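What the coordinates show
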Amino acid sequence: MQAQDLEISSNGNLMRADLDQSLKRSHIEPSSLSTFQRVLLTTDGTVTEMLEAYLLENMKIVKLAEDLVSSHNDIPALKLQKGTSIIERKILLQGKISHKNFLYAESVIVPERLEERFQDDLLKSKTPIGKLWLQYKVETFKEIIDSGKEPTGQLADYFLVEKDDKILFRTYIVFTNRQPVMMITEKFPETYFRI
């Protein structure tokens, strides 16, 4: 694609206006990010496959926590009321060869809105969610609702960085059949994927 073929929005940006606004609302200047960091924060594609293509390494998930619980509060983004059964899940995407952690993700999943076989594999296998979507040919739409930068804090040990180093994140809702089924937040150190 030639540079002149890119469609420039009315405000002069090359990114979709809602994605550009999401980053700027979080005080992240898109031009301060590497190309791949911008892709990770704004894409509606499968992050696992993008990481594998970028790093030339297969990813595996390391489950840190996964519990079937009743929600403690209403979750408006998922159109859920307090007390609804949800799966809370925390994982790392880790290189199969390097054993390096590349991404942390936490998910809130509404199991009753998913096919039963998908639910079972989600709970019993170590397959990333994105690969399960492909395996079960689940049609999805993702809406990014937040992105930003924050101190790494408790996640520092997973990435071998300092607690006051910054981590980039995005939160999105996954819809299937026009129904919100998951809210996922993905995080990675600001120092990752700079090239």
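Here is what the cut-offs are and how they apply
- Residue numbers run consecutively from 1 along every chain, following the written order of its sequence.
- Where totals are concerned, whole chains, interfaces and linings use all residues; where local detail is concerned, this predicted model gives features only for residues with pLDDT of at least 70, and gives and counts side-chain atom pairs only at 80 or more.
- Values reported for side chains reflect all heavy atoms of the structure, with hydrogen atoms and water molecules removed beforehand.
- Numbering of helices and strands runs from the N terminus, with a helix taken as a DSSP run of H or I at least four residues long and a strand as a DSSP run of E at least two residues long.
- In this description, contact between two residues means that some pair of their heavy atoms is separated by no more than 4.5 Å.
- Computed with the Shrake-Rupley method and a 1.4 Å probe, the accessible areas treat only the protein chains shown as cover for residues.
- Each pair of strands is called paired provided DSSP finds at least two bridges between the two strands.
- Interaxial angles span 0 to 180 degrees and are taken between N-to-C directions of axes, which are lines fitted to C-alpha atoms, for helices over the stretch in contact.
- When a residue's accessible area, from a 1.4 Å probe over protein chains only, is under 20% of the maximum for its type it is buried; when over 50% it is exposed; and in between it is partly exposed.
- An angle below 35 degrees is read as roughly parallel, one above 145 as roughly antiparallel, one from 65 to 115 as roughly perpendicular, and any other as oblique.
- Crossings are sorted by hand: turned counterclockwise from the far helix by less than a right angle, the near helix makes the crossing left-handed, and turned clockwise it makes it right-handed.
- For this scheme, ten residues count as nonpolar: Ala, Val, Leu, Ile, Met, Phe, Trp, Tyr, Cys and Pro. Four count as charged, namely Asp, Glu, Lys and Arg, and the remainder, Gly too, count as polar.

Some thoughts on the overall build of the chain
Looking only at helices and strands, the chain has 6 helices and 6 strands in total. Secondary structure elements of the chain, listed N to C terminal, follow the sequence α-α-α-β-β-β-α-α-β-α-β-β. Summarising the internal contacts of the chain: among those between residues at least 6 apart in sequence, 56% fall at separations of at least 24. Roughly 11,100 Å² of accessible area belongs to the chain as shown, and the carbon and sulfur atoms make up 48% of that amount.

Some details on the side chain of T152
Note that T152 resides in the loop between β4 (141–151) and α6 (156–159). Not counting residues up to four positions away in its chain, the partners in contact with T152 are V161, E162, K163, D165, K166 and I167.

Observations regarding the sheet that holds strand β5 (residues 166–176)
The sheet built from 6 strands is open, its strands ordered β1-β2-β3-β6-β5-β4 with antiparallel pairing. Across the chains shown, the open sheet's two edge strands, defined by having one partner strand only, are β1 (59–70) and β4. Going across the sheet, the axis of each strand differs from the next one's by a mean of 15°, ignoring polarity. Direction of pairing for strand β3 (residues 101–109) relative to strand β6 (residues 179–189): antiparallel, over a ladder of 6 bridges.

As for helix α3 (residues 47–55)
If you check which residues of α3 are buried, you get V47, T48, M50, L51 and E52. Residue L56 follows α3 closely and has a positive phi angle near 55°.

Let's talk about the packing of helix α2 (residues 35–42) against α3
Contact geometry for α2 and α3: axes closest at 10 Å, N-to-C directions at 165°. Classified by the interaxial angle, the pair formed by α2 and α3 is roughly antiparallel. Considering only the axes of α2 and α3, their crossing is right-handed. Mapping the contact onto sequence places F36, V39 and L40 in α2 and V47, M50, L51 and Y54 in α3. In terms of residue class, the contact of α2 with α3 is built from 7 nonpolar, no polar and no charged.

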